[in-house]
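Coordinates in review
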2 protein chains.
Amino acid sequence: MNRKSETTEWFQNLQDNICKSLENADGKAKFIEDKWERLGGGGGRSRIIRNGNIIAKGGVGFSAVEGETPEKILKALRLEKGDFFATGVSIVIHPDNPMVPIIHMNVRYFEMSNGIWWFGGGIDLTPHYVDINDAKYFHQELKKTCDIHNENYYPEFKKWADNYFYIKHRDETRGIGGIFFDRLSDSDNFDFESRFNFVKDIGNLFAPTYTYFMTKNNNLEYNEDNKKWQNLRRSRYVEFNLVYDAGTKFGLDTNGRTESILMSMPPVAEWEYNYQPNIGSKEEYTINMLKKDIDWINI
Amino acid sequence: MNRKSETTEWFQNLQDNICKSLENADGKAKFIEDKWERLGGGGGRSRIIRNGNIIAKGGVGFSAVEGETPEKILKALRLEKGDFFATGVSIVIHPDNPMVPIIHMNVRYFEMSNGIWWFGGGIDLTPHYVDINDAKYFHQELKKTCDIHNENYYPEFKKWADNYFYIKHRDETRGIGGIFFDRLSDSDNFDFESRFNFVKDIGNLFAPTYTYFMTKNNNLEYNEDNKKWQNLRRSRYVEFNLVYDAGTKFGLDTNGRTESILMSMPPVAEWEYNYQPNIGSKEEYTINMLKKDIDWINI
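Now for a description of the structure that goes with this document. (Residues numbered from 1 in each chain as written. Chains lettered and ligands numbered in written order. Predicted model: local features only at pLDDT ≥ 70, side-chain atom pairs only at ≥ 80, totals over all residues.)

Here we look at the sheet that holds strand β2 (residues 42–50) of chain B
Residues and elements named next belong to chain B.
- Strand order in the open sheet made by the seven strands is β1-β2-β3-β4-β5-β6-β9, with antiparallel pairing throughout. Strands at the two margins of the open sheet, each flanked by one partner only, are β1 (32–37) and β9 (178–184). Between one strand axis and the next, the sheet turns through 10 degrees on average, direction left out of account.
- With 13 bridges connecting them, strand β3 (residues 55–68) and strand β4 (residues 83–95) associate as antiparallel partners. Paired with E68 across the bridge in β4 is D83. (Pairing = 2+ DSSP bridges. Helix = DSSP H or I, 4+ residues; strand = E, 2+ residues; numbered from the N terminus. Axes fitted to C-alpha atoms, helices over the stretch in contact; angles between N-to-C directions.)

Below, the structure written as structure tokens:
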């Protein structure tokens, strides 16, 4: 089996498995699927879930696209003219209960007709309220998975995530970070199989990790003020995705399927001019913890 | 009086007058003011209004900034190194009643230390529900004002607005357009005074035009479905401002005051995956009218 079909098949199965796990954990909502085709080659399956017991709005997208590489992509990735192939899974889940964090994951494989290939991806958690134990758990799980493959992965990719998931105009990280990696190709220590195995393990980590938070935190009580705060945090998520997120910008720039790209948007968001949380509040604590370079594991 | 102080003073007064008119028409909410200073030179007065009888959230900003021109601006505007001066008024008003349109206006003056100068600006209306008579009235008022100064202004600047206020990834205009203009400097037919007089007339047109819509349309009834639609339309406003709006992008890129730049955000916005209005509905009609090159005056 060649790399294209191997990765395509694996990501497709990952989408299936994650959707099943999320439906089980939610206990009410079911994914609806939109299949789409890309002008120029390939297509995808967007799966959307909403109004669940736990999930307010979410999407789990799979795509495998190919064809002539758009000029913008050649330029941005500094590639020579040629055909491209890209496949992967993208997820954003917005929960109803403000005590459950928002999560995002993307895992992807990219290949050019001249033989260049790489894996990329990331997973990051955006709690509306930062909870130290949840943050520690999340980063420990990521570190454990990274360490199986290479002990430089976690420190390197954690730092990358801190820098990537950063809302410059707010001087805030999007959430408590996670890992981010790109252009993982062959080198002295790695080949296609070892890189793919790492990406598989990250992909497989998503469902158990997020359903853990869904199940545990959905029991936590909340009030109207917490909902209001959730909506204010969701607006920062919108700002990050529309102003900075490379995948979103690229998708919109290259005439991607808008509804699939923007399935990352929250169900609702609120903006309030110069909102300042009360001193000593949980909201203020959260803002203070949205910083780069926090060592969540040893905090 | 030199051009800097002449324009600064005029725009400052415009902000005062517009705020007074909006408060009068609203009848409840009052503007609060934040004065700010810019690192590097100048500053501004952000005025914010919310929870009014008619206005849900709005901002009327004045600024007069100067100093060394940031590298990004030099490059984007293809200017030679030098100091810049910029002053102007920016407004976005989000009404509570979905039958009242959102409005935006910006009028500004820019000058470089080498003597280059120009005026720029625009005003555009974003109804949640397109009403032909309102659209016609709005464009007629703009045309009347433009025609006093030059009969090419309206057709040229109307087209410019159609192209500028366009959400490419949705293939929708933001609303029913208006006028947009930039780099109005001296030429065979125009000098500083004639350009400034045009900008003054546009600035002065804002208050009577928008308070006309506020007063007239706030009497129209609406239901929960209309509110939902309003929030979906507001999310398109967010998408335009964060993805395309040159002023917003520039402000964020050049470390402008974030809260002043993003005072254009609506109070609330909703996203729903692949929302399709009912066939024959007012919502569908609105979508169908969000197109470039509609001759609103003779429609």
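What about the relation of the copies chain A and chain B?
- With an RMSD of 0.0 Å, the operation that places chain A on chain B is a rotation of 180 degrees combined with a shift of 0.0 Å along the axis. Look at the turn and shift together and you get a two-fold axis relating the two. Ranked by how close their C-alpha atoms come to the rotation axis, the residues of chain A are headed by A269 of chain A, at 2.7 Å.
- An overlap of 100% is found between the interface residues of chain A and their copies at the interface of chain B, pointing to a shared contact surface. (Least-squares fit on C-alpha atoms with pLDDT ≥ 70 in both. Contact = placed C-beta atoms within 7 Å.)

Things to note about the nonpolar core
- Grouped together as the largest cluster of nonpolar side chains are 146 residues, with contacts concentrated most on I179 of chain A together with I179 of chain B.
- Excluding anything up to four places from it in sequence, I179 of chain B contacts G122, I123, L142, C146, Y154, F157, K158 and A161 of chain B. (Core = buried A, V, L, I, M, F, W, Y, C linked by C-beta atoms within 7 Å. Buried ≥ 20, exposed ≤ 12 C-beta atoms within 10 Å, placed from the backbone.)

Here we look at the packing of helix α1 (residues 3–26) of chain B against helix α5 (residues 192–217) of chain B
Residue and element names in this part refer to chain B.
- Interaxial distance between α1 and α5 falls to 9 Å at its minimum, and their mutual angle equals 10 degrees. For the element pair α1 / α5, the angle class is roughly parallel. Between α1 and α5, the contacting residues are R3, W10, L14, N17, I18, S21 and A25 on the first element and F192, K200, G203, F206, A207, T211, M214 and T215 on the second.
- When its residues are assigned to classes, the contact of α1 with α5 shows eight nonpolar, five polar and two charged. (Parallel < 35°, antiparallel > 145°, perpendicular 65-115°, else oblique. Nonpolar A, V, L, I, M, F, W, Y, C, P; charged D, E, K, R; others polar.)

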